[in-house]
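Read off the chains here:
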Amino acid sequence: MADGPTGLRAREIPFRGGGFVLSPRRGAAILAFALVLAIWEVASRAGWISEIFLPSPGSVLTALQELIVSGVLWTHIGVSLGRLLVGWIIGTGCGLAAGLAIGIWSLSRAIGLPVVSALFPIPKIALLPLLILWLGIGEASKVATIALGVFFPTTIAMFSAIDAVPRNLIRMGQSFNLPPVAVLKKIVLPGALPGILSGFRITASIALILLVSAEMIGAEHGIGAFILQAGNLMQTDQLLAGVVVLSVLGLVVGTALTRLEKWLLRWR
Amino acid sequence: MELIVERVGHRYGELTVLEDIDLAVREGEILALIGPSGCGKSTLLGIMGGILRPSAGRVLVKGAAPAGSLNPLTYVFQDFALLPWRTVEGNVALALEHHNLPPAEMQARIADVLARTGLSEFRQAFPKQLSGGMRQRVGIARALAVKPAVLLMDEPLSALDAQTRELLMEDFLALWLRERITAVYVTHNLDEALHLADRVAVLSRRPGRVRDVIAIDLPQSERSLPAAQVRLAELHDRLWALIRAEAQVAEREIVDG
């Protein structure tokens, strides 16, 4: 080792950094997932797991295939998607309007905020019986449950997003004499968009949960009803096939929202 | 256009930030407002452009705005205040869109100000892709696009690093020497004031009052010459003497709120 000007031996400094940094491990997730499925399949075939209580991945897949071929699955998915979409759109539309009002007017905030805070924590599925009394056992009560469940989180996401728009941008708009409507359209709403979109992510999963719950309480068709019926008949392979469909549905919605966010917020 | 501040006072609740301010910004000059932090200079600028309502007094304008001026009193902001979701071009367009200009004139105005601020090749860039200096150029381009009568500049360079600040100051001075736009320039930086201003108004600390108005009696174009340095150093010392004691108090203050 080199000698320094003082004639003492120079020592290398020890490295003390590193760690606490996560790096991507591609393929690890797929491998783990495949491993669990393989163990499950082997255990089923060996007879360690009862086919009735927990069917093997293979038989779930077969059940799913049969449902697809016979067309039964498409009827259920179609009905469910219809309820989900109508309920979500109504709830989101009303929620955005209410959130906007709470976000920009002092009076509507003074009135709306306590109302929203009081009603938001109620599990909306508890209102289904009441909604059935009001609207009948048909589509309207299920759609209304979903819409109600979506409404409150959307309202909260909307006004919080508006609150988060930097005031200096609004003042800037005013300093260039932008009319109030233009300030709203060109500054407040685009500025609130990131918050609105993360609200969508939350409400999409709430809508899915409420959809299945409502369909289990009173419906002939729909994925929730299908899963419940399969359970009553001990057809656990069909039951799990329904669960797989729900999981795929959730993934598709999530991915679509991620794409939408990437595109709409490409300026970030 | 002249901008006249008459007996303006301002208070936030119990706290008096400005008291009895009388100032006149003359046509074609740069008036620097300087003072220690918390002296209310940004508040005063907000009042001068009509985005803050003063608790007392009033602000008047005298004379006509230049032909084609869409927004006589126009700000350049410390934090640039650009819309991150709009491109450079879009940010400039924001100041023009609601005036129903013919599309050709709007395009011409945008192209003109982008050329004058050296941004032509960055038209399509988003603010996040630009350095701080370039962002403030966009802020200046946006202000020029409306052909202002008076530019109200709120510490426009203080969010930038020292080198960028020098560069931008040179560019802004070159621009100003060509067009002589009346400007109020708020800063806490003595060098900026000495470089740019025709007159420097020194504000005292809380309540902010005008302590003195000092003329920088050298043309801006000659201030970087060696011959000017002695005079500038004198003026620097005079200004520093005016604000030193109060800056010291400001620096030792516990910030509340």
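Q: Quick one: what's the story with the overall build of chain B, residue by residue and with numbers?
A: Helix and strand counts for chain B stand at seven helices and nine strands. The C-alpha atoms of chain B give 18 Å as radius of gyration, which agrees with the globular expectation for 257 residues (18 Å, within 12%). Expressed along its principal axes, the backbone C-alpha trace of chain B runs to roughly 55 × 45 × 40 Å. Put simply, 75% of the contacts in chain B that link residues at least 6 apart link residues at least 24 apart.

Q: Would you mind going over the pairing of strand β6 (residues 150–154) of chain B in detail, with residue names and values included?
A: All names here are of chain B. Across the five residues that make up β6, a large majority, five, are buried. Burial along β6 is two-sided: the residues Val150, Leu152 and Asp154 and Leu151 and Met153 are all buried. Bridging between β6 and strand β7 (residues 182–187) involves five bridges; their strand directions are parallel. Paired with Leu152 across the bridge in β7 is Val184. Remark: the β6/helix α5 (residues 162–179)/β7 crossover connection has right-handed handedness.

Q: Pulling in residues and values, what's your account of the interface of chain B and chain A?
A: Contacts between the two partners involve 16 residues from chain B, matched on the other side by 15 residues from chain A. In terms of residue class, the side of chain B that touches chain A is built from 11 nonpolar, three polar and two charged.

Q: Requested: an account of the confidence of the model for chain B, with residues and values cited.
A: Mean pLDDT over chain B stands at 89; residues scoring 70 or higher make up 99%. For this predicted complex, the interface confidence reaches an ipTM of 0.89, while the overall pTM sits at 0.85.

Q: Which residues make up the sheet that holds strand β4 (residues 56–62) of chain B, and what values do they have?
A: Residues and elements named next belong to chain B. With antiparallel pairing, the three strands of this open sheet are ordered in space as β2-β1-β4. Sheet topology places β2 (15–25) and β4 at the edges, where each strand pairs with a single neighbour. The average angle at which neighbouring strand axes cross in this sheet is 10°, direction not considered. Docked against the sheet, helix α1 (residues 41–48) engages β1 (2–12), β2 and β4, running at close to 125° with respect to β1.

Q: Describe the packing of helix α3 (residues 72–104) of chain A against helix α6 (residues 139–163) of chain A, and please don't skip the residues or the numbers.
A: As a packed pair, α3 of chain A and α6 of chain A sit with axes 6 Å apart at the nearest point and diverge in direction by 35°. As α3 of chain A packs across α6 of chain A, the resulting crossing turns out to be right-handed.

Q: Tell me about α6 of chain A, residues and numbers included.
A: Given a rise of 1.5 Å per residue, 25 residues ought to cover 36 Å, and the 36 Å separating the end C-alpha atoms of α6 of chain A matches this to within 8%. The element α6 of chain A is largely enclosed, with a buried count of 21 among its 25 residues.

Q: Can you break down the nonpolar core residue by residue, with the values?
A: Residues and elements named next belong to chain B. If you look at the biggest cluster of nonpolar residues, it comprises 75 residues, and the most contacted ones within it are Ala32, Leu33, Val150, Val184 and Tyr185. The greatest single-element share of this core, amounting to seven residues, is contributed by helix α4 (residues 132–145). Aside from chain neighbours lying at most four places away, what touches Val184 is Val25, Leu31, Leu33, Leu45, Met48, Val150, Leu152 and Met153.

Q: Let's hear about the packing of helix α2 (residues 57–70) of chain A against helix α10 (residues 236–264) of chain A: which residues, and what values?
A: The angle between the axes and the distance between the axes are what describe a pair of packed helices. Residues and elements named next belong to chain A. Interaxial distance between α2 and α10 falls to 8 Å at its minimum, and their mutual angle equals 75°. By the criterion of interaxial angle, the relationship of α2 to α10 is roughly perpendicular. Two secondary-structure elements touch here, α2 through Ser59, Val60, Ala63, Leu64 and Leu67 and α10 through Asp237, Gln238, Leu240, Ala241 and Val244. Of the residues belonging to the contact of α2 with α10, the class tally is seven nonpolar, two polar and one charged.

Q: I'd like a rundown of unusual backbone geometry, residues and numbers included.
A: All names here are of chain B. At Phe80, a residue that is not glycine, the phi angle is positive and equals roughly 70°. Positive phi, close to 50°, is recorded for Ala81, a residue that is not glycine. With respect to the helices, strands and loops of the structure, Ala81 is situated in the loop between β5 (73–76) and α2 (88–94). Taking the number of C-beta atoms within 10 Å as the measure of exposure, Ala81 has 23 and is therefore buried.

Q: Hey, could you go over the sheet that holds strand β3 (residues 30–34) of chain B for me, with residue numbers and the actual values?
A: All names here are of chain B. Read across the open sheet, the six strands follow the order β5-β6-β7-β3-β8-β9; overall the sheet is mixed. With partners counted over all chains shown, the strands left at the sheet margins are β5 and β9 (210–215), one partner each. Strand after strand, the sheet turns through a mean of 20° between neighbouring axes, direction not considered. Taken strand by strand, α4 contacts β5 and β6, and its axis lies near 175° from that of β5.

Q: Give a detailed account of the pairing of β9 of chain B, specifying residues and quantitative values.
A: Residues and elements named next belong to chain B. One ladder, built from five bridges, connects strand β8 (residues 199–203) with β9; its direction is antiparallel. Counterpart to Val200 in the pairing with β9 is Ile214. Hairpin connection, β8 to β9: the antiparallel pair is bridged by six residues.

What counts, and where the lines are drawn
Residues numbered from 1 in each chain as written. Chains lettered and ligands numbered in written order. Predicted model: local features only at pLDDT ≥ 70, side-chain atom pairs only at ≥ 80, totals over all residues. Helix = DSSP H or I, 4+ residues; strand = E, 2+ residues; numbered from the N terminus. Rg over C-alpha atoms; globule rule 2.2 N^0.38 Å. Contact = placed C-beta atoms within 7 Å. Buried ≥ 20, exposed ≤ 12 C-beta atoms within 10 Å, placed from the backbone. Pairing = 2+ DSSP bridges. Right-handed = clockwise from strand over helix to strand, strands pointing away. Nonpolar A, V, L, I, M, F, W, Y, C, P; charged D, E, K, R; others polar. pLDDT = per-residue confidence, 0-100. Axes fitted to C-alpha atoms, helices over the stretch in contact; angles between N-to-C directions. Left-handed = near helix turned anticlockwise from the far one by under 90°. Expected span 1.5 Å × (residues − 1). Core = buried A, V, L, I, M, F, W, Y, C linked by C-beta atoms within 7 Å. Parallel < 35°, antiparallel > 145°, perpendicular 65-115°, else oblique.

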